[in-house]
Each structure stands twice: as structure tokens, then as C-alpha cells.
Amino acid sequence: MKAYTRIMKTGITLTDLTKTYHGTKTPALDRLSLTVAPGEIYGYLGANGAGKSTTIRLLLNFIQPTKGTATVNDLDSVEDTVKLKKQVGYLAGDIALYPKATGKQTLDYLLHLQGVDDTSYRDTLVKRFGATLDKPIADLSKGNRQKIGIIQACMHQPSVLILDEPTSGLDPLMQEAFYKTMREAKARGAAVLMSSHNLAEA
Ligand code: ADP
């Protein structure tokens, strides 16, 4: 019989998280502890170089901690990274989507990867953001690419959202659309970690 482990929706927990990059002496991140509970939006504010992207890269196991731990829904960022990624909607600071695919192909493919058949929330977001779906990603402006990035992170309604500078490149109207999407995520109990260097926004 296959054993199923129930995943507890506990949000994000960082404990003494420390990262010293190879060839550097000063840690980019020094014993950071924080929690983002379900239903909480955590505005992760800091100057350029403060370690925001480092934290996010650690959570997704793109890099590994020098010390300390990062967990999502009690799944360890290093030990349980495959399971962890299934819990997360992620937007990178510098989104790299396949340039030749259209917005529609990109979103269809990524939703399929998430194993989600119901396209209704994806369609709601496409409408809300007025996303351009028929052009290759390479032909989109930064703002229009960012919209595709936000939609792909949110469309499968994950229990945890990790977003690196999500509003960069968005005009004020689209920022409003984004905040609405975050309020919906919060209302359904998602834990949201969102980096920003914009004090008002955080
Ligand atoms: P933020 O996202 O807040 O702007 P980062 O996490 O990108 O900050 O950077 C934190 C610190 O780590 C900075 O001092 C940066 O120069 C350093 N850093 C980031 N990536 C690397 C790397 N790959 N190698 C060495 N140092 C790095």
C-alpha cells in the first residue's frame, strides 16, 4: 500500500537561515528567522543587496544554506525540495520564460505541469490583467511579461506564494490588479512572501 503523507499548511518558516556565498567572507544572509503564517502577506522589504533574493533562492533550493533551515508547509527546502515546489507559486525577480512560446502556450503548459484541469481562475486572472496571450514571450514588453509571470505563479491557487519584486514594471492599474489577487490569496489562506524595495507597498 502506498503511504500518503498529509501536508500541513503551516506556511513559511525560516530558522537561523544563513548564507555565505563561495569566496565571500560576510554572510549575504545572517541568522534570519521569520514565519509567514497561512493567510498572512509578508512584505519583505530591504535595500538592494539586503539579501531578499538570496532568501527566496534558498527557499527554492536554487542555493543551499550555510546554516539554518527554510521550510514550506513543514517541508525542508533541501531534503523535500520536490514536494515543497508543488506547494509553491513562484515568481522570480528576473523571470525567464521560454521566449518562443506564446503567453497562452506558456500558461497552458505550466498549469498542466501543476496537474490542474480547472482553468477558471487562470482565465479570471488573464482578464483582470489584460494579459497578451497570442504573442511570443520574446515580443512582450517587460510589464506584459511580468503579467504572465504573476498569472503563472497564482493561477493554480497554491497554498504558498513566493514572489520576488512582483510589481516591478507594472503600471498603477496593474498594481491594483495585483493587490486584488493578493487579497484573494490571503482570503483563501495562502501564505505570501513578497519582496519589495517599495516601502509604501510593503
Ligand atoms: P537583494 O535581493 O535584497 O537585492 P541579494 O540577495 O541579491 O539582495 O544579495 C545579497 C548580498 O549577497 C549582496 O551583497 C550580493 O552582492 C551578494 N550576492 C548575491 N548573489 C551572490 C553570488 N552569487 N555570489 C556572491 N555574492 C552574492
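Above this note sits the structure.
Values in this document were obtained by computation on a predicted structure and should not be read as measured data.

Draft legend 1. Just the overall build of the protein chain, in detail. A tally of helices and strands in the protein chain yields six helices and eight strands. The helix and strand sequence of the protein chain, counted from the amino end, reads β-β-β-α-β-β-α-β-α-α-α-β-α-β. The C-alpha radius of gyration of the protein chain comes to 17 Å, within 12% of the 17 Å expected for a compact globule of 202 residues. Considered along the principal axes of its C-alpha atoms, the protein chain spans approximately 50 × 45 × 30 Å. Out of the 202 residues belonging to the protein chain, those deemed buried represent 45%. Once local pairs closer than 6 in sequence are excluded, the contacts in the protein chain between residues at least 24 apart make up 67%. Carbon and sulfur atoms form 54% of the exposed surface of the protein chain, whose accessible area is close to 10800 Å². Positive and negative charge centroids in the protein chain, built from 25 and 20 side chains respectively, lie 1 Å apart.

Draft legend 2. Representation of the sheet that holds strand β1 (residues 12–19). Reading across the sheet, the four strands line up as β2-β1-β4-β5 and stay open at both edges, with antiparallel pairing between neighbours. Where the open sheet ends on each side, the last strands, each with one partner, are β2 (29–36) and β5 (75–76). Across five bridges, the pairing between β1 and β2 is antiparallel. Paired with Leu17 across the strands is Leu32, a residue of β2. Here helix α1 (residues 52–59) sits on the sheet in contact with β1, β2 and β4 (67–72), set at roughly 115° to β1.

Draft legend 3. Structural context of the sheet that holds strand β3 (residues 41–45). In space, the four strands of this open sheet follow the order β3-β8-β7-β6, with parallel pairing throughout. Strands at the two margins of the open sheet, each flanked by one partner only, are β3 and β6 (88–91). Recorded for the sheet is a direction-independent mean angle of 10° between the axes of neighbouring strands. Here α1 sits on the sheet and contacts β3, β6, β7 (160–164) and β8 (191–196); the angle it forms with β7, its principal contact strand, is near 140°. Where helix α5 (residues 142–154) meets the sheet, it contacts β6 and β7, and its direction lies at approximately 170° from that of β6.

Draft legend 4. Examining the pattern of salt bridges more closely. Throughout the structure, instances matching the rule amount to six salt bridges. In this structure, Glu184 and Arg128 form a salt bridge, with 2.6 Å as the shortest nitrogen-oxygen distance. Taken as a pair, Glu184 in helix α6 (residues 172–187) and Arg128 in helix α4 (residues 120–129) lie far apart in primary sequence, 56 residues in all. Residue classification places Glu184 among the partly exposed residues on the basis of a relative accessible area of 26%.

Draft legend 5. Fine view of the packing of α4 against α5. Running from amino to carboxyl end, α4 crosses α5 at an angle of 155°, the nearest separation of the two axes being 10 Å. Between α4 and α5, the angle falls in the class roughly antiparallel. Of the two elements, α4 crosses α5, and the hand of that crossing is right-handed. Across the interface between the two elements, Tyr121, Arg122, Leu125, Val126 and Phe129 from α4 touch Lys147, Ile150, Ile151 and Cys154 from α5. Of the residues assigned to the contact of α4 with α5, the class counts are seven nonpolar, no polar and two charged.

Draft legend 6. Broad picture of the packing of helix α3 (residues 103–113) against α5. Contact geometry of α3 with α5 gives a least axis separation of 10 Å together with a crossing angle of 15°. Put simply, α3 runs roughly parallel to α5. The handedness of the crossing between α3 and α5 comes out as right-handed. Residues Gly103, Thr106, Leu107 and Leu110 of α3 touch α5, and the partners they reach there are Ile148, Ile151 and Gln152. Here the contact of α3 with α5 is built from residues that sort into four nonpolar, three polar and no charged.

Draft legend 7. Quick peek at the environment of Ala131. With respect to the secondary-structure elements, Ala131 resides in the loop between α4 and α5. With 27 residues separating them along the chain, Ala131 and Pro158 place their C-alpha atoms 20 Å apart. When near neighbours in sequence (up to four residues on either side) are disregarded, Ala131 contacts Val126, Lys147, Ile148 and Ile151.

Basis of the calculations
Residues numbered from 1 in each chain as written. Predicted model: local features only at pLDDT ≥ 70, side-chain atom pairs only at ≥ 80, totals over all residues. Heavy atoms only, no water. Helix = DSSP H or I, 4+ residues; strand = E, 2+ residues; numbered from the N terminus. Rg over C-alpha atoms; globule rule 2.2 N^0.38 Å. Buried < 20%, exposed > 50% of the residue type's maximum accessible area, 1.4 Å probe, protein only. Contact = heavy atoms within 4.5 Å. Areas by Shrake-Rupley, 256 points an atom, 1.4 Å probe, with all protein chains shown as cover. Lys, Arg positive; Asp, Glu negative; His and termini not counted. Charge placed at Lys NZ, Arg CZ, Asp CG, Glu CD. Pairing = 2+ DSSP bridges. Axes fitted to C-alpha atoms, helices over the stretch in contact; angles between N-to-C directions. Salt bridge = Lys/Arg side-chain N within 4 Å of Asp/Glu carboxyl O. Parallel < 35°, antiparallel > 145°, perpendicular 65-115°, else oblique. Left-handed = near helix turned anticlockwise from the far one by under 90°. Nonpolar A, V, L, I, M, F, W, Y, C, P; charged D, E, K, R; others polar.

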